[in-house]
Amino acid sequence: MTNIDTITLEVADPAAAERFHSAAFGPAVPLRFRAAQEPSTGFRGFTLSLVVAQPADVDSLVGTALEAGATTLKAPAKSMWGYGAVVQSPDGTIWKIATSAKKNTGPATREFGQVVLLLGVADVAASKKFYADHGFTVGKSFGRMYVEFESTSPVKLALYRRKALAKDAGVAPEGTGSHRLAVNGAAEPFTDPDGFAWETTATAELS
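None of these values were measured; they are calculated from a predicted model.

(A) Structural context of the sheet that holds strand β4 (residues 46-51). The strand order β5-β6-β7-β4-β8-β11-β10-β9 describes an open sheet built from eight strands, whose pairing is mixed. Unpaired on one side and paired on the other, β5 (71-79) and β9 (138-142) mark the two borders of the sheet. Averaged over all pairs of adjacent strands, the angle between their axes in this sheet comes to 20 degrees, without regard to strand direction. As judged from the six bridges shared by β4 and strand β8 (residues 114-121), these two strands associate in the antiparallel manner. If you follow V51 over to β8, its bridge partner there is Q114.

(B) Here's a closer look at the layout of surface pockets. Looking at the largest pocket, its volume works out to about 1100 Å³. Taken together, 31 residues form the lining of the largest pocket, with W81, K96, A98, Y146 and D168 sitting closest to its centre. Elements that contribute at least two residues to the lining of the largest pocket include exactly β4, β5, β6 (82-88), β7 (94-99), β8, β9, β10 (146-149) and β11 (155-161).

(C) Just helix α4 (residues 162-169), in detail. When α4 is considered as a whole, its buried residues turn out to be A164, L165, A166 and A169. Considering only its buried residues, α4 is in contact with β4, β5, β6, β7, β8 and β11. Phi turns positive one or two residues past the end of α4, at G170, with a value near 85 degrees.

(D) Here's a closer look at helix α2 (residues 55-68). Here α2 is 14 residues long and its end C-alpha atoms lie 20 Å apart, about the 20 Å a rise of 1.5 Å per residue gives. Within two residues after α2, G69 carries a phi angle of roughly 120 degrees, on the positive side.

(E) The arrangement of the side chain of T99 in detail. Its place among the elements puts T99 in strand β7. Assessed through its relative accessible area of 5%, T99 is described here as buried. Among the polar contacts listed, one links the side chain of T99 to the backbone nitrogen of Q54, at a separation of 3.5 Å. Only 3.1 Å separates the side chain of T99 from the backbone nitrogen of A101, close enough to count as a polar contact. If near-sequence neighbours (up to four positions away) are discounted, T99 is found in contact with V52, A53, Q54, P55, V58, W81, G82 and Y83.

(F) Expanded view of the pairing of β10. Side-chain alternation along β10 places Y146 and E148 on one buried face and V147 and F149 on a second face that is also buried. As paired strands, β9 and β10 are joined by four bridges and run antiparallel to one another. By the bridge assignment, F142 is partnered in β10 with Y146. In this antiparallel pair of consecutive strands, β9 and β10, the connection spans three residues, and G143 shows a positive phi of 55 degrees. As defined by bridge partners, β10 adjoins β11 across three bridges and the pair is classed as antiparallel. Looking at β11, one finds that E148 is bridged to A158. In textbook terms, the turn of a hairpin is the stretch between consecutive antiparallel strands, and for β10 and β11 this stretch comprises five residues.

Conventions used here
Per chain, residue numbering runs from 1 following the sequence as it is written. Local features in a predicted model are, by the rule used here, given only for residues with pLDDT of at least 70; side-chain atom pairs are given and counted only at 80 or more, and totals for whole chains, interfaces and linings are based on all residues. The side-chain quantities take in all heavy atoms of the structure and omit both hydrogens and water. Strand pairing is assigned whenever DSSP detects at least two bridges linking the two strands. Secondary structure elements follow DSSP: runs of H or I no shorter than four residues count as helices, runs of E no shorter than two count as strands, and numbering proceeds from the N terminus. Between N-to-C directions, angles span 0 to 180 degrees; the directions come from axes that are lines fitted to C-alpha atoms, helices contributing only their stretch in contact. Space inside and on the surface of the protein is sampled on a 1 Å grid over the protein atoms alone, with a cavity defined as a set of points where a 1.4 Å probe fits but cannot get out and a pocket as an open set with protein on both sides within 12 Å along at least 5 of 7 lines; lining residues have an atom within 4 Å of a point. Grid points are joined across faces, edges and corners, and a volume is the space filled by probe spheres set on the points. When accessible area is computed with a 1.4 Å probe and restricted to protein chains, residues below 20% of their type maximum are described as buried, those above 50% as exposed, and intermediate ones as partly exposed. When checking whether two residues touch, look at their non-hydrogen atoms; a contact exists if any pair is within 4.5 Å. Multiplying one less than the number of residues by 1.5 Å gives the expected span of a helix. The term polar contact refers here to a pair of N or O atoms within 3.5 Å; inside protein, the definition further demands a hydrogen-donor-capable atom paired with an acceptor-capable atom, and it admits residues adjacent in sequence only when both atoms are side-chain atoms.

Below, the structure written as structure tokens:
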């Protein structure tokens with residue numbers, strides 16, 4: 001089984017991005033930062049999610065993200081699936097903070113159970129096969145709509161149709177240029193059908 005070790009965000013100011021994410025979500029999120037090399041406009045084709053235990057945890061993390069400089073794309077609200085919100089960091093990264101629970105069971109915490117990297121792809125079935133061929137094990141699959149891969153690391157990989165992912169994030173689906181994202185954990189570097197770049201963890205540590 002292939003796993004994601006860390007995620008590298010390409011940003012205009014790596015030090016500022018690191019300060020924001022630490023203040024917003026704490027130091028436990030497995031992120032790296034490096035100066036952006038390519039221009040990018042509009043939706044960059046991915047979101048990152050923090051999965052938490054209860055609605056109070058959503059509110060807590062959204063609150064510190066906004067205090068640190070994030071903007072609201074979707075305010076905290078109940079849904080069919082639970083409770084969640086979407087915010088955008090100053091560097092443009094879209095974050096969803098969500099729980100499947102609809103009621104609190106204790107005091108709010110800033111803990112999260114998992115980070116989910118959700119890639120918006122043109123053809124879910126084709127990308128599913130691509131990643132399976134690269135060693136990923138399918139955990140959940142809903143036809144050509146959504147695929148989630150198994151993971152033993154803090155970061156889980158999932159695939160969603162690009163337009164559906166943009167709608168879920170509360171943004172327009174149009175976008176051009178770089179994803180400004182590199183995924184770290186591949187045995188050998190590769191680029192997927194939608195242009196998402198994977199690097200070895202050793203390469204990420206040198207950047």
